[in-house]
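Topology and contacts: notes
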2 protein chains.
Amino acid sequence: MADLELMKLLSMTTPSKIVLLVLDGLGGLPAPETGKTELETARTPNLDALALKGVCGFIDPVAPGITPGSAPGHAALFGYDPLNSEIGRGVLEAVGIDFDLQPGDIAARGNFCTVDGEGKITDRRAGRISTDECTELCQLLDGVMAENVAVLVKPVREHRFVAVFRGDGLAENVTESDPQQLGVAPLEIMPVSSAARKMASVANWFVYRAKTALETHYPANMVLLRGFSKRPQFETMGEVYKLTPAAITVYPMYRGLARLVGMKALETGTTFEDELETLRKNYDRFDFFFIHVKATDSAGEDGDFERKVKTIEQVDAALSGLTDLNPDVIVVTGDHSTPALLKGHSWHPVPLLLSSPWCRPDGVSEFSESTCVLGGLGRFPATEIMPLAMAHALKLNKFGA
Amino acid sequence: MADLELMKLLSMTTPSKIVLLVLDGLGGLPAPETGKTELETARTPNLDALALKGVCGFIDPVAPGITPGSAPGHAALFGYDPLNSEIGRGVLEAVGIDFDLQPGDIAARGNFCTVDGEGKITDRRAGRISTDECTELCQLLDGVMAENVAVLVKPVREHRFVAVFRGDGLAENVTESDPQQLGVAPLEIMPVSSAARKMASVANWFVYRAKTALETHYPANMVLLRGFSKRPQFETMGEVYKLTPAAITVYPMYRGLARLVGMKALETGTTFEDELETLRKNYDRFDFFFIHVKATDSAGEDGDFERKVKTIEQVDAALSGLTDLNPDVIVVTGDHSTPALLKGHSWHPVPLLLSSPWCRPDGVSEFSESTCVLGGLGRFPATEIMPLAMAHALKLNKFGA
């Protein structure tokens, strides 16, 4: 029996509440000077107190040794097998801006970028133009038609946009135009199977049209496309867990991810405090909350050890806004590690704490990598977080006679 | 390769002996006043000594977060995938009283209960009438015929009985008559598929006949039926492990479970000392013994922390009756947790110790939840207990060249 089948069989709706707090890219690596990770360096009296009351563990988001992207990392946190829940980046961006994807639509993630006189990329992000500028440029490109396919172009944030190709006979398996490096021209988009020939041809034509239209809009004088994808069909968290779930997250991609599994994405501000205020205001309307903090990951990606430490300390300082609500289950973890030393996502397991009146405390009195590895929950796949959270919220019936 | 296939391939018969001692519902939760679980509170010098000599671990009976019923909990202990070894409660009760279930028989678990003048249930257990009284009442109902189906009614214990429906065209997928609450009438039994129509009709007719026959037998003036089921076909432990296994357990249901996997259920008394005496007397005849202690679970279900502590201490005090026989492998664990604080089965992992001349001791010197979590065997699924026990008894050949 697949895990979700077991959840569907055993789960029940109760008034108890679960909060899943995800510090994106939480796990780290020790600074050579101190031997301490970002989380170990941060002063976190409130998280430590929660760890002491709760039970700790160590999660593998996808599998040992596997570095997760944001989508599989989050799919696993929500209990969905990350190896069989592929979500393209284009789809994520589209659902993250409330774009209503239709069956057959192919979405791609776009960047405005800068190219020089020879067409070679000099800035993959066009100097991170403002969202307003992005919005104007998208209007220039929106509605381009090619071979009876409409290309719908919508702004996301800064230099990022979504291009949705709507028309008959499109397939998602084409290569990307973003070479992910400077000094070379954008790549031609190629079909990976014969069924994707039309998709590749339409996409290349769109890129050509965009280049022409953007010629005078330096630094945003070209586009890069990647992550061509179709919306997958997931069973919702309502169907699987009988939950009424809400997502509180600033970034569109995470709202999109949450919506794909049936969460209501709540409007919120830009800080963790704003997110907690949104939690407080909506606390009675839902029984599951996914709260997402992006800044830990961004600091890690930037290789900024100190900023990651500070972000963790800021979350800790504001934590009473969550604990004062007294949810039946609080889980704090990350979707993957983003060690500042590696300046990117990594495969290292992620510390986790689960606090509930029904957990079996394990004596771990500090929330960190080196303590969680000895926690009472052991090391386990992230897909088991939801069954554990559901159990500790007394939302699962007994299995078998 | 399925786990049992590997065992069938590698197992061999040797003179070495394995004893699996199951303290039902062993795992607990800490009392708020002391921070110690039932097992941590109990004085257990003999179990602690065994833990020191042996190697400890922490088991998940079914899966993290899943609360097991007794049947899947034990199936896993015997090495059978608990998610694919469903056993109905009716079948369990029937085989537990040595009832010889035929192919096509449908067994249901019955309760004598009390109803008031309006037919509403006032006591789901008819004041727990004596087993003698139950036996007499079963004779009143035994042999009822309906639509060419014979209903065989046999006493189990106190208010509990088994009803076996024997005849053509019966199916197990019908609803139960037990509403699991007071103040309402027993439910009509409904077919869940069209193939089960005859089963439902015969069962309802039997309930009607029973009500009439019991009218003057207050407090046992009605019956409740649940767990309609057919006997599943398991490979025996003889086939899988090449063992000659015996079960020593007081309660019928556990004898039934043991028989389903091919164990010989030995006659025994009602105490742990009786069980150890049965072990001693039969020690030469078998190479695997499953010894079951129910009282730990019963105390947990009753929410009686102190009684659970005492039961564990009693087992510990008598343990020399087991260790003096010097089995090659002793495993002590539970089929699930039953914390007194939750008054029921729970999902929490269960401590385990394995003692053998060939184990690699891990320094754990106390048998408890908080120590086993750091044990040398780690946290693992209960289905791996049998391979580990077989290995430590030197009953498994090398895999591969």
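One can find the structure itself at the top, above this paragraph.
As the structure is a prediction and not an experimental result, all values here were calculated from the model.

The next thing to look at is the overall build of chain A. Broken down by element type, chain A carries 15 helices and 14 strands. Here the C-alpha radius of gyration of chain A, 22 Å, is about what a compact globule of 401 residues would show, namely 21 Å. Counting only C-alpha atoms, chain A reaches 65 × 55 × 40 Å along its principal axes. A burial count over chain A gives 58% of its 401 residues as buried. Of the contacts made within chain A by residues no fewer than 6 positions apart, 73% connect residues no fewer than 24 positions apart. Element-wise, carbon and sulfur atoms account for 50% of the exposed surface of chain A, whose accessible area totals about 15800 Å². Taking the average place of the 38 positive charges on the side chains of chain A and the average place of its 52 negative ones, the gap between the two points comes to 3 Å.

The geometry of two aromatic rings is summed up by the distance between their centres and the angle between their planes. Scanning the model with the defined rule gives 14 aromatic pairs over all chains in all. Geometrically, the ring pair formed by B:Phe112 and B:Phe161 is tilted, given 4.7 Å between the ring centres and 45° between the ring planes. Linking B:Phe112 in strand S3 (residues 106-115) with B:Phe161 in strand S7 (residues 160-166), this pair joins segments that are 49 residues apart in sequence. By the burial criterion, B:Phe112 is buried, and B:Phe161 matches it. Among the aromatic residues, those joined into a ring-pair cluster are A:Phe165, A:Phe206 and A:Phe228. One Lys or Arg, A:Lys294, reaches over the ring of A:Tyr251 and ends 5.9 Å from the middle of that ring. Above the ring of B:Tyr283, the side-chain terminus of B:Lys17 is found at 5.1 Å from the ring centroid.

Let's shift gears to the nonpolar core. Counting residues in hydrophobic clusters, the biggest one holds 101 residues, and the most contacted among them are A:Leu21 and A:Met237. If near-sequence neighbours (up to four positions away) are discounted, A:Leu21 is found in contact with A:Phe272, A:Ile291, A:Val293, A:Val315, A:Leu319, A:Leu322, A:Val331, A:Val332 and A:Thr333. One finds B:Val55, B:Ala76, B:Ala247 and B:Met390 within the second-largest nonpolar core, a separate group that totals 91 residues.

Moving on, we come to the pattern of salt bridges. Residue and element names in this part refer to chain B. Counting across every chain of the model gives 34 salt bridges over all chains. Glu 93 is the partner of Arg 160 in a salt bridge, and the nearest nitrogen-oxygen pair spans 3.1 Å. Residue Arg 160 is located in strand S7, and its partner Glu 93 is located in helix H5 (residues 89-96); the two are separated by 67 residues in the primary sequence. Glu 93 matches Arg 160 in its accessibility class, with the two residues each being buried. Residues Lys 120 and Glu 118 are paired through a salt bridge, measuring 3.4 Å at the closest nitrogen-oxygen approach. For Glu 118, a relative accessible area of 63% puts it in the exposed group.

So, on to the interface of chain A and chain B. At the junction of the two partners, chain A supplies 24 residues and chain B supplies 31 residues. Of the roughly 2200 Å² buried at the junction of chain A and chain B (both faces included), carbon and sulfur atoms supply 67%. Of all residues in chain A, the largest losses of buried area upon contact with chain B belong to A:Arg360, A:Phe399 and A:Ala401, amounting jointly to 38% of the total for that side. Along the contact surface separating chain A from chain B lie zero salt bridges. For the pair chain A and chain B, the number of links is eight residue pairs in polar contact (both at pLDDT 80 or more). Of the residues in the side of chain A that touches chain B, the class split is 16 nonpolar, five polar and three charged.

Our focus in this paragraph is the relation of the copies chain A and chain B. The two copies are related by a screw motion: chain A maps onto chain B through a turn of 122° and a shift of 0.3 Å along the axis, at an RMSD of 0.3 Å. Here the symmetry operator amounts to a three-fold rotation axis. Residue A:Leu374 of chain A places its C-alpha closer to the rotation axis than any other residue of that unit, at 4.0 Å. Little of the interface of chain A is mirrored in chain B: 4% of its interface residues are interface residues there too.

To continue, consider the sheet that holds strand S1 (residues 18-23) of chain A. Where strands meet in a sheet, backbone hydrogen bonds hold them as pairs that are either parallel or antiparallel. Residue and element names in this part refer to chain A. Here we have eight strands laid out as an open sheet, ordered S10-S9-S11-S1-S12-S13-S2-S14, and mixed in their pairing. Two strands in the sheet have a free side with no partner beyond their single neighbour: strand S10 (264-265) and strand S14 (379-381). Helix-sheet contacts for helix H15 (residues 385-392) involve S1, strand S2 (55-60), strand S11 (288-293), strand S12 (329-333), strand S13 (350-355) and S14, and the interaxial angle to S12 is about 155°.

Glancing now at the side chain of B:Thr67. Tracing the backbone shows B:Thr67 in the loop between strand S2 (55-60) and helix H4 (70-77). On the basis of relative accessible area, B:Thr67 is assigned to the buried category, the value being 7%. Reaching out from B:Thr67, the side chain makes a polar contact with the backbone nitrogen of B:Trp347 at a distance of 3.3 Å. Non-local contacts of B:Thr67, meaning those with residues more than four positions away in its chain, are made with A:Lys398, A:Phe399, B:His345, B:Ser346 and B:Trp347.

This brings us to the sheet that holds strand S12 (residues 329-333) of chain B. All names here are of chain B. Reading across the sheet, the eight strands line up as S10-S9-S11-S1-S12-S13-S2-S14 and stay open at both edges, with mixed pairing between neighbours. Strands at the two margins of the open sheet, each flanked by one partner only, are strand S10 (264-265) and strand S14 (379-381). Across the sheet, helix H10 (residues 272-282) lies against strand S1 (18-23), strand S9 (245-248) and strand S11 (288-293), angled at about 170° from S11, the strand it touches most.

This part takes up the packing of H4(B) against helix H9 (residues 252-260) of chain B. Residues and elements named next belong to chain B. Orientation of H4 relative to H9, taken along the N-to-C sense of each, is 45°, at an axis distance of 10 Å. Considered as vectors, H4 and H9 are oriented oblique to each other. As for how H4 packs across H9, the hand of that crossing is right-handed. Between H4 and H9, the contacting residues are Ser 70, Ala 71 and His 74 on the first element and Met 253, Tyr 254 and Leu 257 on the second.

With that settled, consider a nonpolar patch on the surface. There is a patch of nonpolar side chains on the surface, built from A:Val373, A:Leu374 and B:Leu374 and spanning about 290 Å² of accessible area. Note on placement: A:Val373 falls in the loop between helix H14 (369-372) and S14. Here A:Val373 falls in the partly exposed class, since its relative accessible area comes to 44%.

Attention now goes to the pairing of strand S13 (residues 350-355) of chain B. Residue and element names in this part refer to chain B. Of all six residues in S13, six are buried, a share of seventy percent or more. Residue alternation in S13 divides its side chains into two sets, Val 350, Leu 352 and Leu 354 and Pro 351, Leu 353 and Ser 355, and both sets are buried. Bridge count between S2 and S13: five bridges; the pairing is antiparallel. Residue pairing in the sheet places Val 55 in a bridge with Leu 354 of S13. Note: S12 against S13, three bridges, orientation antiparallel. Paired with Val 332 across the strands is Leu 353, a residue of S13.

Criteria and cut-off values
Residues numbered from 1 in each chain as written. Chains lettered and ligands numbered in written order. Predicted model: local features only at pLDDT ≥ 70, side-chain atom pairs only at ≥ 80, totals over all residues. Heavy atoms only, no water. Helix = DSSP H or I, 4+ residues; strand = E, 2+ residues; numbered from the N terminus. Rg over C-alpha atoms; globule rule 2.2 N^0.38 Å. Buried < 20%, exposed > 50% of the residue type's maximum accessible area, 1.4 Å probe, protein only. Contact = heavy atoms within 4.5 Å. Areas by Shrake-Rupley, 256 points an atom, 1.4 Å probe, with all protein chains shown as cover. Lys, Arg positive; Asp, Glu negative; His and termini not counted. Charge placed at Lys NZ, Arg CZ, Asp CG, Glu CD. Phe/Tyr/Trp six-rings, centres within 6.5 Å; stacked < 30°, edge-to-face > 60°. Lys NZ or Arg CZ within 6 Å of the ring centre and 35° of its normal. Core = buried A, V, L, I, M, F, W, Y, C linked by side-chain atoms within 4.5 Å. Salt bridge = Lys/Arg side-chain N within 4 Å of Asp/Glu carboxyl O. Buried area = accessible area lost by both parts, 1.4 Å probe. Polar contact = N/O pair within 3.5 Å; in protein donor to acceptor, adjacent residues only side chain to side chain. Nonpolar A, V, L, I, M, F, W, Y, C, P; charged D, E, K, R; others polar. Least-squares fit on C-alpha atoms with pLDDT ≥ 70 in both. Pairing = 2+ DSSP bridges. Axes fitted to C-alpha atoms, helices over the stretch in contact; angles between N-to-C directions. Parallel < 35°, antiparallel > 145°, perpendicular 65-115°, else oblique. Left-handed = near helix turned anticlockwise from the far one by under 90°. Patch = residues over 30% accessible without salt bridge, like charges linked within 9 Å, V, L, I, M, F, W, Y side chains within 5 Å.

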